[in-house]
Amino acid sequence: MASNKLADHLLAPMANAVRALAMDAVEAANSGHPGMPMGMADVATILWGEYLTFDAADPRWPDRDRFVLSAGHGSMLIYALLHLTGYARPTLEDIRRFRQLGSPCAGHPENFELAGVECTTGPLGQGLAMAVGMAIAERHLNAEFGDALVDHRTWVIAGDGCLMEGISHEAIGLAGHLKLGRLKLLWDDNGISIDGPISVSSSEDVPARFRSAGWHVVACDGHDPASIRAALDEAAASDLPTLVQCKTVIGYGAPTKAGSEKTHGSPLGAAEVEGARAKLGWAHAPFEVPADIRAAWAAVGARGAGAHAAWAARLAADPTGAAFMRRMSGDAPAVDLSAFKASLVADPKPLATRKSSEMALQVLNGQLPELVGGSADLTGSNLTLTKGQGVLSAADYGGRHIHYGIREFGMAAAMNGMALHGGIIPYGGTFLVFADYARAAIRLSALQQVGAIYVMTHDSIGLGEDGPTHQPIEHLASLRAMPNVAVYRPADAIETAECWELALADRSRPSVLALSRQNLPLLRCDTDANRSAAGAYRLIAATAPRRVVLVATGSEVSIAVDAAKLLEADGIGADVVSMPCWELYRERGDCSLFPTDVLKVSVEAGSTFGWERIVGSDGLMIGIDSFGASAPAGDLYQHFGLTAAAISSRVQQKLNAAV
């Protein structure tokens with residue numbers, strides 16, 4: 001049972017303070033979702049007031065409970081809670097400016113705007129899936145550092161929409177399989193969505209679904225304090241992930257709109273707000289919270305100070321404390337791949353870049369205990385599991401490789417949660433074509449400034465016979481179009497190692513490593529500097545007078561090198577530029593690589609979309625703007641004109657046409 005029970009006479013006014021701030025902020029903005037905060041205010045008041053372990057004075061305390069508002073449209077719930085419990089922000093003025101430019105109280109909670117918002121939510125279901133990642137991180141770090149330093153829960157509030165989204169099935173299944181008993185999900189079961197009653201679109205037995213996935217399930221009346229406490233006590237005591245079914249009334253207190261979709265995504269209107277004030281007994285002006293209620297909420301925010309101080313004492317006495325805090329700092333780790341790169345040069349043999357990645361990971365996993373990998377049921381293809389890494393499972397949370405199953409979206413979202421929790425740098429593998437399944441989570445990686453690393457192999461028609469369903473075409477272009485994502489496509493084993501170095505050093509955005517299935521020759525023998533850090537560099541300089549610059553990525557760089565040799569044999573000077581990362585080139589690259597007085601030619605086994613930004617409107621873009629085909633890789637490269645001879649011929653035709 002909770003050891004800090006709130007006084008019964010304070011419960012209703014404390015909850016009503018949350019309701020009033022939600023109503024007033026949405027009304028002032030003339031935009032927002034008042035219904036969920038009003039409906040879940042009673043549950044949230046007891047959760048935060050009696051069960052959630054946190055210290056408002058230090059939002060980054062590593063052993064705090066994590067609270068995730070997966071139903072992010074109800075953002076005023078968390079803004080009100082953070083404000084009332086004494087977080088530095090949001091201030092009352094921030095809340096008055098809800099949904100306005102410059103206010104940290106955005107339409108949906110954003111982790112980079114407010115301390116206390118553990119993750120950005122709003123795309124339904126992803127908050128729940130990120131919470132699964134946080135719960136994985138907690139158990140993994142507990143296995144390494146023990147109860148003294150890591151012993152907390154992850155609490156989630158989710159709505160019907162979260163549980164309808166497909167990602168919820170992936171997240172729930174993974175959490176049940178891993179028996180993540182520190183994960184507690186509070187379902188706002190109000191029976192309403194935007195279109196009206198849930199019954200118009202869904203008739204599934206949600207509790208049965210959770211039970212079938214290995215969860216404990218308990219129900220409560222979301223407006224009855226005794227019922228809420230009994231359910232939360234049972235949830236906290238269970239060693240299984242737990243669903244708490246909170247039966248609530250959306251827009252609770254609104255005199256004519258409560259219980260209907262009219263409170264979901266629109267302001268209540270002045271008359272309804274005044275009626276709600278009267279019905280709730282809230283006789284205070286807009287944005288006004290009386291001193292005694294503020295004091296009660298402030299006491300909730302300070303309640304965790306004692307637990308925090310006791311934890312700090314344990315940290316100081318723990319011999320692993322410094323290592324733990326280094327892990328939790330989020331700073332880029334120091335890595336050393338110099339010996340590995342030297343070994344590649346000493347034994348230069350063709351390697352698929354997915355294999356080069358595995359070899360680099362073998363070294364990196366030995367240097368960085370915070371690396372936790374995994375694959376969406378493609379471990380033997382993505383090559384993400386290295387020797388001695390161990391598998392993270394319900395029987396051993398200390399393992400460092402996760403079998404995610406065929407759950408690409410759930411994997412990517414869980415990786416976000418692990419990274420946001422801290423102490424872990426997650427990487428996860430699938431085929432590049434299945435980036436489409438994970439795309440919404442990759443977008444949240446970028447938006448949240450999360451340094452997750454996506455290992456995406458089989459990156460082109462080079463995968464061969466599996467055919468167009470599995471051959472990426474538009475995927476590189478679409479991922480490059482996403483803000484704050486670094487897409488790396490290395491050309492050989494040296495570049496692969498360099499791209500791993502860069503991805504690990506960049507903790508403020510996700511990285512995608514697009515890796516080949518087929519073997520590629522070693523093109524580089526120099527290892528002193530990380531040349532990929534510039535995004536692009538001159539790999540081969542023209543010997544004849546320069547007339548052409550061939551720029552390529554990944555597996556096509558070696559083809560471009562061979563094409564340059566053919567051009568040089570015909571007296572046409574040709575540079576070859578390797579461009580492993582567009583984003584880095586745009587940020588820090590050398591524009592002199594592409595002189596204005598030469599023909600610029602891009603070569604990539606994918607969509608040509610976007611390459612005009614590199615080669616110009618008068619350049620030549622060689623790629624694939626159709627779907628692939630099922631055939632051996634060599635035949636496909638021949639068919640699509642991605643051979644040295646075909647490229648040389650097209651370049652010469654272009655040059656001759658310009659004469």
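In this text, all values refer to a predicted model and were calculated from it rather than measured experimentally.

A few words on the overall build of the chain. Scanning the chain from N- to C-terminus turns up 25 helices and 20 strands. Since a compact globule built from 659 residues should have a radius of gyration of about 26 Å, the 28 Å found for the chain is in line with a globular shape. Along the first, second and third principal axes, the C-alpha set of the chain runs to 90 × 55 × 40 Å. The buried share of the chain, taken over its 659 residues, is 61%. A total of about 23,100 Å² of accessible surface is found on the chain, and carbon and sulfur atoms cover 53% of it. In the chain, 53 side chains carry a positive charge and 71 a negative one; their mean positions are 2 Å apart.

Here we come to the side chain of Arg400. Mapped onto the elements, Arg400 comes out in the loop between α16 (379-382) and β10 (401-403). The side chain of Arg400 sits in the buried core without any salt bridge; Glu370 is the nearest counter-charge, 6.8 Å away. Those residues within four positions of Arg400 in sequence are excluded, and the remaining contacts are His140, Asn365, Leu368, Pro369, Leu371, Val372, Gly373, Gln389, Gly390, Val391 and Leu392.

So, about the pattern of salt bridges. Following the criterion strictly, the structure yields 28 salt bridges and no others. Arg89 serves as the salt-bridge partner of Asp94, at 2.7 Å between the closest nitrogen and oxygen. Look at Arg89 and you get partly exposed, because its relative accessible area is 42%. Between Lys247 and Asp189 there is a salt bridge whose closest N-O contact spans 3.8 Å. Taken together, the positions of Lys247 in strand β7 (residues 242-247) and Asp189 in strand β3 (residues 183-189) put the pair 58 residues apart, joining distant regions of the chain. Assessed through its relative accessible area of 44%, Lys247 is described here as partly exposed. One continuous salt-bridge network, built from bridges that share partners, spans Glu138, Arg139, Asp151 and Arg182.

Here strand β1 (residues 66-69) shows two buried faces, one formed by Arg66 and Val68 and the other by Phe67 and Leu69. Sheet topology places β1 next to strand β2 (residues 154-159); four bridges connect them, and they run parallel. Bridged to Val68 within β2 is Val156.

Here the focus is the packing of aromatic side chains. Inspection of the entire model under this criterion finds 13 aromatic pairs. Between Trp48 and Phe67 the ring centres are 5.3 Å apart and the planes differ by 80 degrees, which places this aromatic pair in the edge-to-face class. Of this pair, Trp48 sits in helix α2 (residues 35-51) while Phe67 is found in strand β1, placing the two residues 19 residues apart along the sequence. Trp48 gets classed as buried once you look at its relative accessible area, which sits at 1%. Taken together, a centroid distance of 6.5 Å and an interplanar angle of 65 degrees make the contact between Trp61 and Trp311 edge-to-face. In this pair, Trp61 is assigned in the loop between α2 and β1 and Trp311 in helix α12 (residues 305-317), connecting sequence segments 250 residues apart.

Moving on: the state of the cysteines. What the rule picks out here adds up to zero disulfides. The thiol of Cys119 is not disulfide-bonded; the next cysteine sulfur, from Cys162, is found 11 Å away. Residue class for Cys119 comes out buried when judged on its relative accessible area of 3%.

This part takes up unusual backbone geometry. Each neighbour pair has its own omega, and for Arg89 with Pro90 the value is 10 degrees, a cis peptide bond. Structurally, Pro90 is set in the loop between α3 (75-84) and α4 (92-96). Look at Gln449: it is not a glycine, yet its phi comes out positive at around 60 degrees. Relative to the helices and strands, Gln449 is located in the loop between α18 (435-448) and β12 (453-457). Positive phi values are uncommon outside glycine, yet Asn484 reaches one of about 60 degrees. Mapped onto the elements of the fold, Asn484 is located in the loop between α19 (475-480) and β13 (486-488).

The next point concerns the nonpolar core. Membership of the largest hydrophobic core comes to 63 residues, with the highest contact counts inside it found for Ile136, Leu180, Leu183, Leu185 and Phe210. At nine residues, helix α5 (residues 126-145) tops the list of elements feeding residues into this core.

The end-to-end C-alpha distance of α12, which contains 13 residues, comes to 19 Å, matching closely the 18 Å that a straight helix rising 1.5 Å per residue would cover. Those residues of α12 lying buried are His308, Trp311 and Leu315. Around the axis of α12, the buried residues are gathered within 65 degrees of arc, so they sit on the same side. For α12, the exposed residues lying more than 90 degrees away from the buried face are Ala316 and Ala317. Summarising the contacts, the buried residues of α12 are in contact with α13 (321-329).

This brings us to the side chain of Glu118. Turning to its location among the elements, Glu118 is positioned in the loop between α4 and α5. In contact with Glu118, not counting residues within four places along its chain, are Arg64, Asp65, Arg66, Phe67, Asn111, Met134 and Leu420.

Taking strand neighbours across the sheet as the criterion, the five strands line up as β16-β18-β17-β19-β20 in an open arrangement whose pairing is mixed. Two strands lie at the open edges of the sheet, namely β16 (537-540) and β20 (620-622), each paired on one side alone. Here the strands of the sheet are splayed against their neighbours by 30 degrees on average, with no regard to which way each runs. Pairing of strand β17 (residues 546-552) with strand β19 (residues 599-603), which is carried by five bridges, proceeds in the parallel orientation. Within β19, the position partnered with Leu550 by the bridge is Val601. In the packing of helix α21 (residues 556-569) onto the sheet, the strands contacted are β16, β17, β18 (573-578) and β19, and the crossing angle to β18 comes to about 170 degrees.

This part is about helix α14 (residues 338-346). For α14, the set of buried residues is Phe340, Lys341 and Leu344. Buried residues of α14 fall within an arc of 95 degrees about the axis and therefore sit on the same side. Facing away from the buried side of α14, by more than 90 degrees, are the exposed residues Ala339 and Ala346.

Turning our attention to the packing of α5 against helix α7 (residues 166-177). Interhelical geometry of α5 versus α7 gives an angle of 20 degrees and a closest axis separation of 8 Å. If you check the angle between α5 and α7, you find them roughly parallel. Judged by the twist between their axes, the crossing of α5 over α7 is left-handed. Seen from α5, the contacting residues are Gln126, Leu128, Ala129, Val132 and Ile136; seen from α7, they are Ile167, Ser168, Ala171, Ile172, Leu174 and Ala175.

Here is what the cut-offs are and how they apply
Residues numbered from 1 in each chain as written. Predicted model: local features only at pLDDT ≥ 70, side-chain atom pairs only at ≥ 80, totals over all residues. Heavy atoms only, no water. Helix = DSSP H or I, 4+ residues; strand = E, 2+ residues; numbered from the N terminus. Rg over C-alpha atoms; globule rule 2.2 N^0.38 Å. Buried < 20%, exposed > 50% of the residue type's maximum accessible area, 1.4 Å probe, protein only. Areas by Shrake-Rupley, 256 points an atom, 1.4 Å probe, with all protein chains shown as cover. Lys, Arg positive; Asp, Glu negative; His and termini not counted. Charge placed at Lys NZ, Arg CZ, Asp CG, Glu CD. Salt bridge = Lys/Arg side-chain N within 4 Å of Asp/Glu carboxyl O. Contact = heavy atoms within 4.5 Å. Pairing = 2+ DSSP bridges. Phe/Tyr/Trp six-rings, centres within 6.5 Å; stacked < 30°, edge-to-face > 60°. Disulfide = S-S within 2.5 Å. Core = buried A, V, L, I, M, F, W, Y, C linked by side-chain atoms within 4.5 Å. Expected span 1.5 Å × (residues − 1). Arc of directions from axis to C-beta. Axes fitted to C-alpha atoms, helices over the stretch in contact; angles between N-to-C directions. Parallel < 35°, antiparallel > 145°, perpendicular 65-115°, else oblique. Left-handed = near helix turned anticlockwise from the far one by under 90°.

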